[in-house]
Amino acid sequence: NQQKETVHLLRHAEKLKAAIEATTLSFTRKAADDDRLFGSVTVHDIENELASKGFKIERKHIHLEEPIKSAGQFTVKVKLHPEVSAEVQIEVAKEEATAE
């Protein structure tokens, strides 16, 4: 029954939303003194980090306006279903300089 399948997919997306929103993705990047990153955190990085935590989310469903280019905390929207989107928390920390 197509209606049961639709309800099942919606419930699955809602459970996935709860799990994703309980997750924080952490990245460490080299940064200047003003917290600007020398690189960036991209959709590809977020996709890989979600996968490492067991979430199979296609890159096209991760809505990042532009790559993250500074240290700090960010919220990124992930579309799970036509009616369900989740917000994943992203933390970007400065890589500590190593003393030589």
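Residues numbered from 1 in each chain as written. Predicted model: local features only at pLDDT ≥ 70, side-chain atom pairs only at ≥ 80, totals over all residues. Heavy atoms only, no water.

A. Structural view of the overall build of the protein chain. The number of helices and strands found in the protein chain is two helices and six strands. Against the compact-globule benchmark of 13 Å for 100 residues, the protein chain has a radius of gyration of 16 Å, which places it well outside the compact range. In terms of overall dimensions, the protein chain has C-alpha extents of about 65 × 25 × 15 Å along its principal axes. The buried share of the protein chain, reckoned over its 100 residues, is 27%. For the protein chain, the share of sequence-separated contacts (at least 6 apart) that also reach a separation of at least 24 residues comes to 52%. (Helix = DSSP H or I, 4+ residues; strand = E, 2+ residues; numbered from the N terminus. Rg over C-alpha atoms; globule rule 2.2 N^0.38 Å. Buried < 20%, exposed > 50% of the residue type's maximum accessible area, 1.4 Å probe, protein only. Contact = heavy atoms within 4.5 Å.)

B. Inspection of the sheet that holds strand 5 (residues 72–81) at higher detail. On the basis of which strands lie adjacent, the open sheet formed by four strands has the order 1-6-5-3 and mixed pairing. With partners counted over all chains shown, the strands left at the sheet margins are strand 1 (24–29) and strand 3 (62–63), one partner each. One ladder, built from six bridges, connects strand 1 with strand 6 (residues 84–94); its direction is parallel. Counterpart to Ser26 in the pairing with strand 6 is Glu91. Contacting strand 5 and strand 6, helix 1 (residues 2–21) crosses the sheet at an angle of about 20° to strand 6. Relative to strand 1, helix 2 (residues 43–52) is tilted by about 125°, and along the sheet it contacts strand 1, strand 3, strand 5 and strand 6. (Pairing = 2+ DSSP bridges. Axes fitted to C-alpha atoms, helices over the stretch in contact; angles between N-to-C directions.)

C. Fine view of the pairing of strand 6. Here strand 5 runs beside strand 6; their pairing, made up of nine bridges, is antiparallel. When the sheet's bridge partners are listed, Gln73 is paired in strand 6 with Glu91. Linking strand 5 back to strand 6 in an antiparallel pair, the connection comprises two residues.

D. Region of the structure containing the environment of Ile20. Topologically, Ile20 is positioned in helix 1. Assessed through its relative accessible area of 0%, Ile20 is described here as buried. The spacing of Ile20 and Phe55 is 35 residues in sequence and 7.9 Å in space, taken between C-alpha atoms. Excluding anything up to four places from it in sequence, Ile20 contacts Phe55, Ile57, Leu80, Ala86 and Val88.

E. Structural context of the layout of surface pockets. For the largest pocket, the calculated volume is near 180 Å³. The set of elements that each furnish at least two residues to the lining of the largest pocket consists of helix 1 and strand 5. With four residues, the top contributor of residues to the lining of the largest pocket is helix 1. For the lining of the largest pocket, the per-class residue count stands at five nonpolar, three polar and three charged. (1 Å grid on protein atoms, 1.4 Å probe; cavity = no way out; pocket = protein on both sides within 12 Å on 5 of 7 lines; lining within 4 Å. Points joined across faces, edges and corners; volume = space filled by probe spheres on them. Nonpolar A, V, L, I, M, F, W, Y, C, P; charged D, E, K, R; others polar.)

F. Expanded view of unusual backbone geometry. Within the chain, Asp35 stands out as a residue other than glycine whose phi angle is a positive 75°. Topologically, Asp35 is positioned in the loop between strand 1 and strand 2 (36–41).

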